Amino acid sequence: MDQANHGTTLVRLEDDDYLVDSSILLNRAVKIRPDEAVIDDHPLMPLEYETVDRTVRLWFQFAIMPAGSLTPCRLLATGGDGQTLHEADAVSRRFGPFNEQLFASRNFPRRSETLHGRRQVTRRDNGTRETTEHDADGLATELTATMGLSPAFVSRWVDSSALDASLENSPPPVSELPPSRRG
């Protein structure tokens, strides 16, 4: 993976950078250590990263991947003005696991809930996970009951035909070996 494929927030605090990601929903700040490979076995959201020449490669547990599989992200640049961020956002619309189907995730104190396509994955802090397949009514119900979206919003989303696309099967996201699993 040689191109940037994820935008995130790094927070500088007392000369250290912390990853505070609003898309992956890590539910915690992760200290970035330059020129190191780091394994963080958090029970709800394990991740690994390595930094090489100011480039960060991050692997995280994407909810629909099998337990133990980690999905790669590559963060190349830091900083940037509004125009740079707008251009990067436009490029990201061409590919990605979030572009074609429903993706909603919400963290709770001892569990996380993710809807991707027709699947709901519940992960608990004791390391267990459960996957449920939903029909159209089940997805609409979970969007309001679990994700907290308003019934009016969900109704407009259903009317836009996005629900139909979310019921189709999709290929899993790209996977590559993180530092802990290389030979």
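Residues numbered from 1 in each chain as written. Predicted model: local features only at pLDDT ≥ 70, side-chain atom pairs only at ≥ 80, totals over all residues. Heavy atoms only, no water.

Draft legend 1. Representation of the pattern of salt bridges. Within the structure shown, the criterion is met by seven salt bridges. For Arg110, the salt bridge is made with Asp125, and the minimal N-O distance between the two is 3.1 Å. Separated by 15 residues along the polypeptide, Arg110 in the loop between β8 (103-107) and β9 (111-116) and Asp125 in the loop between β10 (119-124) and β11 (129-133) bring together distant segments of the chain. A relative accessible area of 58% places Arg110 in the exposed class. The partly exposed category is assigned to Asp125, whose relative accessible area is 27%. The salt bridge involving Arg124 is made with Glu130; its shortest N-O contact spans 4.0 Å. By relative accessible area, Glu130 is classed as partly exposed at 41%. (Salt bridge = Lys/Arg side-chain N within 4 Å of Asp/Glu carboxyl O. Helix = DSSP H or I, 4+ residues; strand = E, 2+ residues; numbered from the N terminus. Buried < 20%, exposed > 50% of the residue type's maximum accessible area, 1.4 Å probe, protein only.)

Draft legend 2. How the structure looks around the nonpolar core. In this structure, Ile24, Leu26, Leu47, Tyr49, Leu58 and Phe60 are the most contacted members of the largest nonpolar core, which totals 14 residues. If you list the elements that add at least two residues to this core, you get β3 (30-32), β5 (47-52) and β6 (55-60). With sequence-adjacent residues up to four places away left out, Leu26 is seen in contact with Leu19, Asp21, Met45, Leu47 and Asn107. (Core = buried A, V, L, I, M, F, W, Y, C linked by side-chain atoms within 4.5 Å. Contact = heavy atoms within 4.5 Å.)

Draft legend 3. Focus on the packing of aromatic side chains. Inspection of the entire model under this criterion finds zero aromatic pairs. Above the face of the Phe108 ring, Arg111 is positioned so that its terminal group lies 3.9 Å from the ring centre. (Phe/Tyr/Trp six-rings, centres within 6.5 Å; stacked < 30°, edge-to-face > 60°. Lys NZ or Arg CZ within 6 Å of the ring centre and 35° of its normal.)

Draft legend 4. Structural context of the pairing of β5. Most of β5 sits inside the fold, with five of its six residues counted as buried. As judged from the four bridges shared by strand β4 (residues 37-40) and β5, these two strands associate in the antiparallel manner. When the bridges of β5 are listed, Asp40 appears paired with Leu47. Where β4 folds back on β5, the antiparallel hairpin that results is connected by six residues. (Pairing = 2+ DSSP bridges.)

Draft legend 5. Quick peek at the sheet that holds β11. Read from one edge to the other, the open sheet built from four strands follows the order β8-β9-β10-β11, with strand pairing classed as antiparallel. Each of the sheet's edge strands pairs with one partner strand only, and the pair in question is β8 and β11. Between one strand and the next, the sheet's axes are offset by a mean angle of 10 degrees, whatever the strand orientation. Direction of pairing for β9 relative to β10: antiparallel, over a ladder of six bridges. Within β10, the position partnered with Glu113 by the bridge is Thr122. (Axes fitted to C-alpha atoms, helices over the stretch in contact; angles between N-to-C directions.)

Keep in mind that these numbers describe shape and distance, not what the molecule does.
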